[in-house]
Amino acid sequence: MADKSILIIIRKAPYSNSIAKGAIELALASSVFEQKLSLVFTGDGVWQLLAQQQTETLGDKNHGKLLSALPLYDLEPVFVDEQALNQRSIELEDLLLQPELINSKTIKKMMADADTIFCF
Amino acid sequence: MSSLSNYSTIELDKEGFLKNLNDWNKEIANILATNEGIELTEAHWEIIHLLRQFYQEFELSPAMRPLIKYVSQQLGSDKGKSIYLLKLFPGSPAKIASKIAGLPKPDNCL
Amino acid sequence: MILHTVNKSPFESNTFLECLELCDHGSSILLIEDGIYAAKKNTPSANKIESISGIKFYALSADIEARGLDENISSAITVVDDAGFVDLVTQHQSVSSWF
């Protein structure tokens, strides 16, 4: 397979449907093929990164735990839209994975540079 | 599967993975290992326990590369090598060891 | 250059605005399914479309007609049929689907 770069843009909150989970599973599966892959969290997607997720009562798998596996799959750093955090009054220290903050200009550049874009 | 006949309530999927994680115990692990032609030693158990820890931590069955990385982090780089895991669980270590550890089949085990 | 497709009504979700936020100059946005409501004349989204330069806006004719809006699409929109959709895909380097 040619060395194609993949960009996954994640913009949905977790739990109400399976889109967030599907996006991360796509990333994990793609990493097995050692593709160049970047993850950007924007919009409501930044809710996925909150560190204090507890799903015992809900009975679902813990999405935060799934995200915690990303470094083991060599999918780090993840990128986060700074403006999306600010709009939601989320602090960087509230988040999993020590993400790298980026602005919309950088996201546009990443999109322009990617061979394939998946937008979830 | 005949060797599980003493555990008539335990269900396996068509590839031999436990359908219910809570069915797992060490005796079951031994039976699942025998089905794979593996006799479990201390070295096997170390990996099996680590896999169960991995699942607790990430709610995910690992693919090969992350498993190697995790073993390396937790047990040292001598053991965090594919050759070491291949000797213990020949063929497809992540898949076979996950099966014996009672984990679900790795989603991205392609 | 990227072709962005949007399939959500701007009255129902933020998807169209999020797409605009990350749409670079020279890129295109194709409105499909409920996304075409963003092209309805005299609405906030259509006003926004009309005020933006550097991004080309398209909408899919079958979806417009089905929803009864063919007389009410902003003049800033280029209406395309399915073949036009395919042309757009081939003219752009990659496609990003916003849903």
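Residues numbered from 1 in each chain as written. Chains lettered and ligands numbered in written order. Predicted model: local features only at pLDDT ≥ 70, side-chain atom pairs only at ≥ 80, totals over all residues. Heavy atoms only, no water.

**Student:** Explanation requested: the overall build of chain A in the structure shown.
**Tutor:** Helix and strand counts for chain A stand at four helices and five strands. Taking 120 residues into account, the globule formula puts the C-alpha radius of gyration at 14 Å, and chain A, at 14 Å, falls close to it. Taken along its principal axes, the extent of the C-alpha atoms in chain A is 45 × 30 × 25 Å. By the burial criterion, 51% of the 120 residues in chain A qualify as buried. Sequence-distant contacts in chain A: of pairs separated by 6 or more residues, those separated by 24 or more amount to 75%. (Helix = DSSP H or I, 4+ residues; strand = E, 2+ residues; numbered from the N terminus. Rg over C-alpha atoms; globule rule 2.2 N^0.38 Å. Buried < 20%, exposed > 50% of the residue type's maximum accessible area, 1.4 Å probe, protein only. Contact = heavy atoms within 4.5 Å.)

**Student:** Would you mind going over the sheet that holds strand E3 (residues 79–81) of chain A with me for this structure?
**Tutor:** One key point about sheets: their strands pair by backbone hydrogen bonds, in either a parallel or an antiparallel sense. All names here are of chain A. In spatial order, the strands read E4-E3-E2-E1-E5; together these five strands make up an open sheet with parallel pairing. Each edge of the open sheet carries a strand with a single partner, namely strand E4 (100–102) and strand E5 (116–119). Going from strand to strand, the sheet's axes swing by 25° on average, the running direction of each strand aside. With three bridges joining them, E3 and E4 adopt parallel strand pairing. (Pairing = 2+ DSSP bridges. Axes fitted to C-alpha atoms, helices over the stretch in contact; angles between N-to-C directions.)

**Student:** Even after reading the chapter, I still don't get the pairing of E5(A), so can you show me in this structure?
**Tutor:** All names here are of chain A. Side chains of E5 alternate between two faces, with Ile117 and Cys119 buried and Thr116 and Phe118 left unburied. Bridge count for strand E1 (residues 5–10) against E5 is four bridges, and the pairing is parallel. When the sheet's bridge partners are listed, Ile6 is paired in E5 with Thr116.

**Student:** What should I look at first to understand the arrangement of the chains in this one?
**Tutor:** The pair of protein chains exhibiting the most contacts, out of two pairs of chains in contact, is chains A and B. Without any contact between them, chain B and chain C keep their closest C-alpha atoms 24 Å apart.

**Student:** I keep staring at the nonpolar core and nothing clicks. Help me out?
**Tutor:** Here is a general trend for soluble globular proteins: nonpolar side chains tend to be buried in one another's company. The biggest cluster of nonpolar side chains holds 60 residues, and the ones touching the most others in it are A:Leu39, A:Phe41, B:Phe89 and B:Ile100. It is helix H2 (residues 42–58) of chain B that provides the largest number of residues to this core, a total of eight residues. The residues contacting B:Phe89, other than those within four sequence positions of it, are B:Ile38, B:His44, B:Ile47, B:Ile48, B:Ile96, B:Ala97 and B:Ile100. Residues A:Ala114, A:Ile117, C:Ala59 and C:Leu69 belong to the second largest nonpolar core, which totals 32 residues. (Core = buried A, V, L, I, M, F, W, Y, C linked by side-chain atoms within 4.5 Å.)

**Student:** Help me understand helix H5 (residues 93–100) of chain B, please; the structure alone is not making it clear to me.
**Tutor:** Given 3.6 residues to a turn, an α-helix orients residues that are three or four positions apart in the same direction. Residues and elements named next belong to chain B. Within H5, seven of the eight residues are buried, which leaves it mostly tucked inside the rest of the structure. Looking at the buried residues of H5, the elements they touch are helix H1 (26–35), H2, helix H3 (64–75) and helix H4 (82–88). Phi for Gly102, located one or two positions after H5, is positive at around 80°.

**Student:** Just checking my understanding: could you explain the sheet that holds strand E4 (residues 77–80) of chain C for this structure?
**Tutor:** Residue and element names in this part refer to chain C. Pairing within the open sheet is parallel, and its five strands lie in the order E4-E3-E2-E1-E5. The open sheet terminates on both sides in strands that have one partner only, identified here as E4 and strand E5 (94–98). Averaged over all pairs of adjacent strands, the angle between their axes in this sheet comes to 25°, without regard to strand direction. As defined by bridge partners, strand E3 (residues 56–60) adjoins E4 across four bridges and the pair is classed as parallel. Along E4, the bridge assignment pairs Tyr58 with Thr78.

**Student:** Explanation requested: the interface of chain B and chain A in the structure shown.
**Tutor:** Accessible area lost upon the coming together of the parts is a frequently used measure of interface size. Residue-level contacts link 18 residues of chain B with 17 residues of chain A. Of the roughly 1,500 Å² buried at the junction of chain B and chain A (both faces included), carbon and sulfur atoms supply 54%. Here chain B and chain A share four salt bridges between them. Across the pair B:Arg65 and A:Glu34 runs a salt bridge whose closest N-O atoms are separated by 3.9 Å. (Buried area = accessible area lost by both parts, 1.4 Å probe. Salt bridge = Lys/Arg side-chain N within 4 Å of Asp/Glu carboxyl O.)

**Student:** Would you mind showing me how to read the interface of chain A and chain C here?
**Tutor:** Between chain A and chain C, the residue contacts involve 16 residues of the former and 15 residues of the latter. When the two sides are added together, the surface that chain A and chain C hide from each other amounts to roughly 1,400 Å², 53% of it contributed by carbon and sulfur. Counting every contact that joins chain A to chain C gives one salt bridge. The closest approach of N and O atoms between A:Arg11 and C:Glu18, which form a salt bridge, is 2.7 Å. Every element with two or more residues in the side of chain A that touches chain C is listed here: helix H4 (104–113) and E5 of chain A. Here the side of chain A that touches chain C is composed, by residue class, of eight nonpolar, four polar and four charged. (Nonpolar A, V, L, I, M, F, W, Y, C, P; charged D, E, K, R; others polar.)

Geometric values such as these leave the question of function open.
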